[in-house]
Amino acid sequence: MGSFVYVIFGSIAQVSIGPTSLMAILTLQFTSHLSVQFVIALAFLAGVVELLMGIFKLGFLVNFISSPVTSAFTTATSIIVIGAQMRNLLGIPKGMFKSYKDIPAMFEKIRPGDATLGLTCIAVLLCLRQLSYLNFSPKRQVIKKVLWYISISRNAIVVCIASFMAFHWVQSESEAAVPFRLNAKVNSSVPTFKLPPFSIDFNDMTYGFVDICSELGSAIIVVPLVAVLANVAIAKAFAKDGNLDATQEMFAMGLCNIFGSFFSAMPTCGAFTRSAVSNASGVRTPMAGIYSGTMVLFALGLFTKYFQYIPKSTLSAVLISAVLFMTDFKIVFDLWKNNKRDLLGWIGCFIASILYGVQGGLMVGILISMLFILLQLGSPDVQVNIKESEGIPYIHVSPDTDVFYTGIDHLRIQTKTACLSYDFKYTVVINASKFTQFDYTSISIVKTLAKELAEKNVILILQYMDEEAQKVLGGIENITFCDDIIPLGYLLAQKSRNSDHVQIKM
């Protein structure tokens, strides 16, 4: 349903909507102890939240989650996925790992057949992945394209070969003779249209709609938020000229999940791999979703009876190989060299995700990002230098970033500190071009600064001040306005002649 709905409401041609590894792991973490009905309800509720985010135009909220936090979240999620899949990969019985003390006993329970098949599948998948990176001469571009198709089809190739082996084993001997565990049987049918569950009977209890929401808890916020982040990240990668309407993507995602829940779907979002294949295949419009959606329906109707022959270790190998390249530890070294504040956000989000789950990690990452934003707003970077115009020196104060009312007082303190260091002997010129939302608080602090400098017989000149702000501050004593450098020099000369304090030459 995601493929069909995105055709109408989506904005990026290459984006492929459907189940993803990230959504599967998130859904598993919140619903592993519940029935499948809760998964369908989660898809509906996640769609409602995404739709509301789109209706209220909250696309800008995505910009408040920094890239390091997104990287840490994705890396931690990948490690959690790998850890969760090791049991099926090695054939370890369910419930073996309850604490770190069980690790030695786990190795004794490894099934050689599952471990051999799983590790072999990982090796084959990694080798096939490299085929797309091989370079050939222009005369051999056909070979390169064939190898590229083999590379992007590696998951299907490995699953089909392993399933054929299992099928042949079962037909020639018996299912008990197969040395590795197989997948469960899947009913062959296309999901029918029905309302998502608003009342669920589970474990001899009846859950009403409010009880369902309470049981799912933070999943109702975390799952749609992560889905939107993933979808926006993919959309940004393929958007023409980098233009992206995040609000429209939220709206489309919401409808995809809501309509999907009417057909018993799990939560969905855009898929990195499928979107990359679409892009490489020359997709021009979202209409491509009709073809991919139709193929899925054919698979559900005709091929599900063969899904029971897929080895569990092969599925784990496919998942591990997919998320292995989603980890990003290189960013840690880059952040250490360039921005230790962002490094703190990465580490905080990563550790919290590992210890308290991805929902806790995401919340910690967002809080750290918001904290740094507040710190930046309260203490903007300010450059203070001694400059000269028309032979007259002055103190030049220039903020490097936008200054809101939260940072005006910090700028006042920096200015007074500079004046004190030069014994209040120079005129002060403040570059006001970065003043943003010049409100009552900002006006009051600038008035206070002008009064404090007047007491020391120091002139205050505001350069490049907004015209509206000039009207408000125009009548205040000891505040003068100017624009470019030449009028500034003339203004300094005039003020110098009218001033009682002595100008010191540089």
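All figures in this text were calculated on a predicted structure; none of them were measured in a lab.

K.L.:
Just to check I follow, could you spell out unusual backbone geometry for this structure?
P.N.:
Of all residues except glycine, most have a negative phi; of all peptide bonds, most are trans. A positive phi angle, near 55 degrees, is found at Phe424, a position not held by glycine. Relative to the assigned elements, Phe424 resides in the loop between α18 (405-421) and β7 (427-431). Assessed through its relative accessible area of 16%, Phe424 is described here as buried. In the Ramachandran plot, Tyr464 falls in the positive-phi region, its phi being about 60 degrees despite a non-glycine side chain. Residue Tyr464 is classed as partly exposed on the basis of its relative accessible area, which comes to 36%.

K.L.:
What is the right way to read the packing of helix α3 (residues 36-55) against helix α11 (residues 246-261) from this model?
P.N.:
Geometrically, a packed helix pair is captured by the angle between its two axes and the distance between the axes. In contact at an axis separation of 7 Å, α3 and α11 are set at 155 degrees when each is read in the N-to-C sense. In terms of axis orientation, α3 runs roughly antiparallel to α11. Handedness of the α3/α11 crossing: left-handed. Only Thr247, Met250, Phe251, Met253, Gly254, Leu255, Asn257, Ile258 and Ser261 of α11 make contact with α3, whose side of the interface consists of Ile40, Ala43, Phe44, Gly47, Val48, Glu50, Leu51, Met53, Gly54 and Ile55. Here the contact of α3 with α11 is composed, by residue class, of 12 nonpolar, six polar and one charged.

K.L.:
Hey, could you run me through the environment of Ala162 in this one?
P.N.:
Position of Ala162 relative to the elements: it lies in helix α8 (residues 154-172). As for Ala162 and Pro311, which are separated by 149 residues in sequence, their C-alpha atoms are 6.8 Å apart. Residue contacts for Ala162: discarding those within four places in its chain leaves Tyr309, Pro311 and Thr314.

K.L.:
Just checking my understanding: could you explain the nonpolar core for this structure?
P.N.:
Generally speaking, soluble globular proteins have nonpolar side chains that are buried together. If you look at the biggest cluster of nonpolar residues, it comprises 62 residues, and the most contacted ones within it are Leu26, Phe38, Leu216, Val223, Val226 and Leu362. Looking at which element gives the most residues to this core, the answer is helix α10 (residues 219-238), with 13 residues. Those residues in contact with Leu216 that sit more than four places away from it in its chain are Phe30, Thr31, Leu34, Phe38, Leu42 and Leu45. Core analysis: the next-biggest nonpolar cluster, separate from the first, contains 29 residues, Ile408, Cys419, Ala450 and Ala469 among them.

K.L.:
What should I look at first to understand the pairing of β7 in this one?
P.N.:
Across the five residues of β7, five count as buried, placing the element largely inside the fold. Here β7 shows a buried face lined by Thr427, Val429 and Asn431 and a second buried face lined by Val428 and Ile430. Both strand β6 (residues 392-399) and β7 contribute to a ladder of four bridges, which runs parallel. Within the sheet, the bridge partner assigned to His396 lies in β7 and is Val429. Read as a crossover between parallel neighbours, the route from β7 over helix α19 (residues 440-455) to strand β8 (residues 460-463) is right-handed.

K.L.:
It is not clear to me how the sheet that holds β8 should be interpreted in this structure. Could you clarify?
P.N.:
Strand-to-strand pairing in sheets goes through backbone hydrogen bonds, with the strands running parallel or antiparallel. In spatial order, the strands read β5-β6-β7-β8-β9; together these five strands make up an open sheet with mixed pairing. Each end of this open sheet is capped by a strand with a single partner; those strands are β5 (382-389) and β9 (479-482). For this sheet, the mean angle separating the axes of adjacent strands, direction not counted, is 30 degrees. When β7 meets β8, the two strands line up parallel, connected through four bridges.

K.L.:
Mind showing me how you'd approach the packing of aromatic side chains here?
P.N.:
Aromatic ring pairs are defined here through the distance separating the ring centres and the angle between the ring planes. All told, the structure shown has 14 aromatic pairs when counted by the stated rule. Seen from their ring centres, Phe193 and Phe262 are 5.4 Å apart, and the 10 degrees between their planes marks the pair as stacked. Here the residue Phe193 occupies a position in the loop between α8 and β2 (200-202), and Phe262 occupies one in the loop between α11 and β4 (269-270), the gap between them amounting to 69 residues. The class for Phe193 is exposed, based on a relative accessible area of 57%. Relative accessible area serves as the criterion here: at 16%, Phe262 is assigned to the buried category. With centroids separated by 5.5 Å and ring planes inclined at 85 degrees, the aromatic side chains of Tyr422 and Tyr426 adopt a geometry described as edge-to-face. Three or more aromatic residues joined by ring pairs make a cluster, and in this case those are Phe38, Phe202 and Tyr207. Taking the ring centre of Trp336 as reference, the NZ or CZ of Lys340 above it sits at 4.6 Å.

K.L.:
Help me understand the side chain of Ser321 in this model?
P.N.:
Relative to the helices and strands, Ser321 resides in helix α14 (residues 312-324). What Ser321 contacts, discounting residues up to four positions off in sequence, is Ile122 and Leu125.

K.L.:
Quick question: what am I supposed to make of the state of the cysteines here?
P.N.:
Under the definition given, this model contains zero disulfides. The thiol sulfur of Cys256 is not disulfide-bonded, and the nearest other cysteine sulfur, from Cys269, lies at 10 Å. Residue classification places Cys256 among the buried positions, given a relative accessible area of 1%.

K.L.:
Whenever I open this one, a nonpolar patch on the surface confuses me. Can you help?
P.N.:
A cluster of nonpolar side chains, contributed by Ile79, Phe329, Ile347, Ile351, Ile354, Leu355 and Tyr356, occupies part of the molecular surface with about 670 Å² of accessible area. Considering each element in turn, the nonpolar patch owes the most residues, five residues, to helix α16 (residues 340-356). Relative to the helices and strands, Ile354 resides in helix α16.

K.L.:
When you look at the pattern of salt bridges in this model, what are you seeing that I'm missing?
P.N.:
Opposite charge on two side chains permits pairing when their charged atoms draw close. One pass over the full model with this rule turns up six salt bridges. For Arg111, the salt bridge identified is with Asp114, shortest N-O distance 2.6 Å. Arg111 gets classed as partly exposed once you look at its relative accessible area, which sits at 32%. Several salt bridges share partner residues, and in doing so they unite Asp409, Arg412, Lys416 and Glu452 into one network.

What counts, and where the lines are drawn
- Residues numbered from 1 in each chain as written.
- Predicted model: local features only at pLDDT ≥ 70, side-chain atom pairs only at ≥ 80, totals over all residues.
- Heavy atoms only, no water.
- Helix = DSSP H or I, 4+ residues; strand = E, 2+ residues; numbered from the N terminus.
- Buried < 20%, exposed > 50% of the residue type's maximum accessible area, 1.4 Å probe, protein only.
- Axes fitted to C-alpha atoms, helices over the stretch in contact; angles between N-to-C directions.
- Parallel < 35°, antiparallel > 145°, perpendicular 65-115°, else oblique.
- Left-handed = near helix turned anticlockwise from the far one by under 90°.
- Contact = heavy atoms within 4.5 Å.
- Nonpolar A, V, L, I, M, F, W, Y, C, P; charged D, E, K, R; others polar.
- Core = buried A, V, L, I, M, F, W, Y, C linked by side-chain atoms within 4.5 Å.
- Pairing = 2+ DSSP bridges.
- Right-handed = clockwise from strand over helix to strand, strands pointing away.
- Phe/Tyr/Trp six-rings, centres within 6.5 Å; stacked < 30°, edge-to-face > 60°.
- Lys NZ or Arg CZ within 6 Å of the ring centre and 35° of its normal.
- Disulfide = S-S within 2.5 Å.
- Patch = residues over 30% accessible without salt bridge, like charges linked within 9 Å, V, L, I, M, F, W, Y side chains within 5 Å.
- Areas by Shrake-Rupley, 256 points an atom, 1.4 Å probe, with all protein chains shown as cover.
- Salt bridge = Lys/Arg side-chain N within 4 Å of Asp/Glu carboxyl O.

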